[in-house]
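# Commentary on secondary and tertiary structure
Residue-level listing of the chains:
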There are 4 protein chains.
Amino acid sequence: MLEELKQQVWQANMNLQKHGLVVFTWGNASGIDREKGLIVIKPSGVEYDTMQPEDMVVLDLAGNQVEGDLRPSSDTPTHIVLYRNFSAIGGVVHTHSTCATAWAQAGKSIPAFGTTHADYFYGEIPCTRNLSREEIQGEYEEETGKVIVEKFGQKNPLHVPGILVANHGPFSWGKDAQDAVYHAVVLEELAKMAFYTCSTNSEVKVMDQLLLDKHFLRKHGKNAYYGQNKL
Amino acid sequence: MLEELKQQVWQANMNLQKHGLVVFTWGNASGIDREKGLIVIKPSGVEYDTMQPEDMVVLDLAGNQVEGDLRPSSDTPTHIVLYRNFSAIGGVVHTHSTCATAWAQAGKSIPAFGTTHADYFYGEIPCTRNLSREEIQGEYEEETGKVIVEKFGQKNPLHVPGILVANHGPFSWGKDAQDAVYHAVVLEELAKMAFYTCSTNSEVKVMDQLLLDKHFLRKHGKNAYYGQNKL
Amino acid sequence: MLEELKQQVWQANMNLQKHGLVVFTWGNASGIDREKGLIVIKPSGVEYDTMQPEDMVVLDLAGNQVEGDLRPSSDTPTHIVLYRNFSAIGGVVHTHSTCATAWAQAGKSIPAFGTTHADYFYGEIPCTRNLSREEIQGEYEEETGKVIVEKFGQKNPLHVPGILVANHGPFSWGKDAQDAVYHAVVLEELAKMAFYTCSTNSEVKVMDQLLLDKHFLRKHGKNAYYGQNKL
Amino acid sequence: MLEELKQQVWQANMNLQKHGLVVFTWGNASGIDREKGLIVIKPSGVEYDTMQPEDMVVLDLAGNQVEGDLRPSSDTPTHIVLYRNFSAIGGVVHTHSTCATAWAQAGKSIPAFGTTHADYFYGEIPCTRNLSREEIQGEYEEETGKVIVEKFGQKNPLHVPGILVANHGPFSWGKDAQDAVYHAVVLEELAKMAFYTCSTNSEVKVMDQLLLDKHFLRKHGKNAYYGQNKL
């Protein structure tokens, strides 16, 4: 069942490790089959070195486990909230990558300081509010998803493909699981660059909106002219 | 004698190098056989590239060398104090990993800033007081262990699996030698994240106690639901 | 056509990745055949892992594509402006390397703090002004080149082989494509060292002009005595 | 001639690269045969990938080239001054390693903040004064050596096996070329730890002299008990 998607999601999880985004098992990637309404996600706490495509877990969007002997990632309810609210996305990634997590722990959104940022994120990378005591004591992982959705508002998820959860770390997403991994790598690099930028100039200002528009739109949307897709 | 434990302790020492926690010979891991009351530890100043399982040294808890041609790690008396005082632990690791050592040199405990921390350490990672002149001039390595125990107080060692010794560096521990290595890796990563966090927001506050409870308890204790152990 | 130059430019692009200067496809190198008035450049958005020498694109200095099935790097007009204005250069490189980009985002030139800098850059590494709204909305990539030339002034491009574009990142150049890569590596290392230098001493001053002269001139010019070229 | 020493010095130079201390050709190691009064040093500006033991250059302590077709490192006169003034040393290394160079550029000695430092350096790692205009315009590389010796004073070179030259970078030394490489690695790690330490606590104080004594002396001198040498 969903063998191709399992293979993709497994590969996406392995790529998290390859890109240096995870220590031990601290990360997870998932993908969705929108037609069937089923998601495939990494099992909880399994080591990357031994994980196989057939270990991936299948669930429906109500959170019922449809296939797999292993328990799914404990963050699964967060992934599900994102899939239910962001209909354009096909993959979700969560990591504790060093610099992105530091910004999340600092409780600060990452400002758009340059064109590297503007090439992928159309504006700042938002940081959520803290969860309330009720949210922490309730369905915590699901509430984490809801707080992301609340902070995200009406933005296009494919135009701002990631967010920071305060005191926790980054979530990213994309057209599919691999695209979500791609954005997790970008987010960590932007967090690192932003750290060095602020350290080098404590009074640095965000970039000009027009330059942000220019760079985002030369890679995205109908007039894009970056890459080979339109030649 | 204790061939399996020697193999485990040797592997744990090799893993310190694999995880990038040691420069040259700056680190040591040990394990204990509680039934026999014997510990196995790395020899002093031997290079990782040539070290073999049979080079591991066996001592009793009074510090008497029971087996092995090589002198044990000079930090052995510190390990012994930890084994004698923390009956739940089965392995100890000491490193001079970069960021954890920097916090120790700065003389500051590492505050709990986020869920990565809360997943493993139930509260701040304490930093000891400086040793007194008498302690330095006396049985220095043993006194180092005593200062750790003094600072640690009545906490559960498996709930706070590591500490910083002021002006020195981190010690960590766990169920066995490999678990102590695992916590040494976590401690270094937390120290690095905390550095970036404080640099990004000089007025950052520690995380909500309730969120700390939530994350620690979802991985530890009788209601844990992270990983595969309970499925 | 230009097979040798294509091979060189391909190798230069691959070396960007080898030296850790690029994430994904975020960089490009080009070279020029001055006699023929033709430049060879990396195609846009192609992954390094699959890119071959024959994928390189050939253009004339008016920007007309002379050979190649793929679209050239979107930064090609910037490269062309540099070739047209800096007649001594034979290669150009653009990256988003972490620390150099951070200085560009901070909007600050990198001061000459020591002999590592002076060995390659005869004075500070300049940072351009921001582009105007008209420049961003006009021929953006070409205007980027013009802003570089404006800031650079009458300096010898082989004496200051790189620059930072504000809110964007570094461009470097050299005698050929490989030399431009060499200077991209140097620029990133100087940016990193300058970050640590300013963090360590917030009131640090630039180096003595005489020491700058001494180091630059012992490696460059008619009295150079570094390396093997004159023995 | 001196084939064994050439092999050692070549290996020491290769180890600089292996330990990540050099970018391109930015470093050099040498060794001395005290009986013959001859030193062996890396040739100037030769790439590590192609350098062979037989490329090493032999000179006497007056700086006359005794053997070798290649020109010696341009820093050779500095090495010679060190060999002439520090009779206990058998090897010298110069690098531009990132953090040590940053402290040199900042013009600050590296304070002894902890036991990692005390295990190898018996006190701060000094930073020289700037060279005068006359020194820069005179026999620059020789004057660099003299400024090191002036700053170093009457300390035992084997107790403080390295120094920072202001606006330049680190020099280290040891019993032989490999020992000098070892101290270059230590110096860079101490510089990195000290950066993180000062960033974490801007009011950090140097360590207790008694703790410094304890750690240095447990590894060095007649009562040393670290390592296997005395068992």
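Since this is a predicted model, take the numbers as computed values, not measurements.

Here is what the cut-offs are and how they apply
Residues numbered from 1 in each chain as written. Chains lettered and ligands numbered in written order. Predicted model: local features only at pLDDT ≥ 70, side-chain atom pairs only at ≥ 80, totals over all residues. Heavy atoms only, no water. Axes fitted to C-alpha atoms, helices over the stretch in contact; angles between N-to-C directions. Helix = DSSP H or I, 4+ residues; strand = E, 2+ residues; numbered from the N terminus. Left-handed = near helix turned anticlockwise from the far one by under 90°. Contact = heavy atoms within 4.5 Å. Nonpolar A, V, L, I, M, F, W, Y, C, P; charged D, E, K, R; others polar. Core = buried A, V, L, I, M, F, W, Y, C linked by side-chain atoms within 4.5 Å. Buried < 20%, exposed > 50% of the residue type's maximum accessible area, 1.4 Å probe, protein only. Buried area = accessible area lost by both parts, 1.4 Å probe. Salt bridge = Lys/Arg side-chain N within 4 Å of Asp/Glu carboxyl O. Polar contact = N/O pair within 3.5 Å; in protein donor to acceptor, adjacent residues only side chain to side chain. Least-squares fit on C-alpha atoms with pLDDT ≥ 70 in both. Pairing = 2+ DSSP bridges.

## Re the packing of helix α2 (residues 76–85) of chain B against helix α6 (residues 140–152) of chain B
Residues and elements named next belong to chain B.
- Where α2 meets α6, the closest approach of the two axes is 7 Å, and the angle between their N-to-C directions is 35°. Every pair of crossing elements has a handedness; the one defined by α2 and α6 is right-handed. From α2, Pro77, Thr78, Val81, Leu82 and Asn85 reach across to α6, where they touch Glu141, Glu142, Thr144, Gly145, Lys146, Ile148 and Val149.
- Residues of the contact of α2 with α6, tallied by class, amount to 5 nonpolar, 4 polar and 3 charged.

## Examining the nonpolar core
- With 167 residues, the main nonpolar core has A:Trp173, B:Trp173, C:Trp173 and D:Trp173 as its most contacted residues.
- Considering every element that reaches this core, the biggest residue donor is helix α7 (residues 177–200) of chain B, with 8 residues.

## Topic: the interface of chain B and chain A
- On the chain A side, the residues contacting the 33 residues of chain B number 31 residues.
- Of the roughly 3200 Å² buried where chain B meets chain A, counting both sides, 58% is carbon and sulfur surface.
- Here chain B is connected to chain A by 3 salt bridges.
- The tally of links between chain B and chain A comes to 13 residue pairs in polar contact (both at pLDDT 80 or more).
- Looking at the side of chain B that touches chain A, the elements that each hand over two or more residues are α4 (115–118), α7 and α8 (209–219) of chain B.
- For the side of chain B that touches chain A, the element with the highest residue contribution is α7(B), accounting for 11 residues.
- Residue composition of the side of chain B that touches chain A, grouped by class: 15 nonpolar, 11 polar and 7 charged.

## Concerning the side chain of D:His79
Residues and elements named next belong to chain D.
- Position of His79 among the secondary structure elements: in helix α2 (residues 76–85).
- Of the residues examined, His79 reaches a relative accessible area of 0% and is grouped as buried.
- Residues within four places of His79 in sequence aside, it is in contact with Asn28, Ala29, Ser30, Ile41, Val92 and His94.

## Quick word on the environment of C:Arg34
Residue and element names in this part refer to chain C.
- Here Arg34 is to be found in the loop between β1 (27–33) and β2 (38–41).
- As a C-alpha pair, Arg34 and Leu211 span 177 residues in sequence and 35 Å in three-dimensional space.
- Not counting the four nearest positions on each side in its chain, Arg34 is found in contact with Tyr83, Phe86, Ser87 and Ile89.
- A polar atom in the side chain of Arg34 sits 3.0 Å from the backbone oxygen of Tyr83.
- Side-chain polar atoms of Arg34 contact the backbone oxygen of Ile89, separated by 2.8 Å.

## Brief notes about the pattern of salt bridges
- A full pass over the atoms with the stated rule returns 40 salt bridges over all chains.
- The salt bridge involving C:Glu142 is made with C:Lys146; its shortest N-O contact spans 3.7 Å. With a gap of 4 residues between them, C:Glu142 and C:Lys146 both fall in helix α6 (residues 140–152), about one helical turn apart.
- On the basis of relative accessible area, C:Glu142 is assigned to the partly exposed category, the value being 32%.
- Via salt bridges that share partners, A:Glu3, A:Lys6 and A:Glu67 belong to a single interconnected network.

## Examining the relation of the copies chain D and chain C
- Expressed as a screw operation, the relation of chain D to chain C combines 0.0 Å of axial shift with a rotation of 90°, fitting to an RMSD of 0.0 Å. What the superposition gives is, in effect, a four-fold axis relating one chain to the other. Residue D:Ser199, judged by its C-alpha, is the member of chain D lying nearest the rotation axis, at 5.5 Å.
- Each copy contacts the other with its own distinct surface, as only 3% of the interface residues of chain D are interface residues in chain C too.

## Describing the pairing of strand β5 (residues 91–95) of chain B
Residues and elements named next belong to chain B.
- Among the 5 residues in β5, 5 count as buried, and that is most of the element.
- Neither face of β5 is left uncovered, since the one carrying Gly91, Val93 and Thr95 and the one carrying Val92 and His94 both have all their residues buried.
- Both strand β1 (residues 27–33) and β5 contribute to a ladder of 5 bridges, which runs antiparallel. Bridging across to β5, Gly31 finds its partner in Gly91.
- Sheet topology places β5 next to strand β7 (residues 169–174); 4 bridges connect them, and they run antiparallel. Residue pairing in the sheet places Val92 in a bridge with Trp173 of β7.

## Quick notes on the sheet that holds strand β2 (residues 38–41) of chain D
Residues and elements named next belong to chain D.
- Read across the sheet, 7 strands follow the order β4-β3-β2-β1-β5-β7-β6 without closing on themselves; strand pairing throughout is antiparallel. Edge strands, defined here as strands with exactly one partner in the open sheet, are β4 (65–67) and β6 (162–165). The average undirected angle you get between the axes of adjacent strands in this sheet is 25°.
- As paired elements, strand β1 (residues 27–33) and β2 share 4 bridges and run antiparallel to each other. Paired with Gly31 across the bridge in β2 is Val40.
- Contacts between helix α1 (residues 3–18) and the sheet are confined to β1, β2, β3 (57–60), β4 and β5 (91–95), with β1 contributing the most and set at about 155° to the helix.
- Sheet contacts for helix α7 (residues 177–200): β1, β5, β6 and β7 (169–174); angle to β7, the most-contacted strand, approximately 140°.

## Concerning the interface of chain D and chain C
- If you look at the interface, chain D gives 31 residues, while chain C gives 33 residues.
- Each partner contributes to the roughly 3200 Å² buried at the junction of chain D and chain C, and carbon and sulfur atoms together form 58% of this total.
- There are 3 salt bridges connecting chain D and chain C.
- Close ionic contact of C:Asp208 with D:Arg133 constitutes a salt bridge, the shortest N to O distance being 3.6 Å.
- Summed over the shared surface of chain D and chain C, the number is 14 residue pairs in polar contact (both at pLDDT 80 or more).
- Secondary-structure elements contributing two or more residues to the side of chain D that touches chain C are α3 (98–106), α5 (133–137) and α6 (140–152) of chain D.
- Taken together, the residues of the side of chain D that touches chain C break down into 13 nonpolar, 12 polar and 6 charged.

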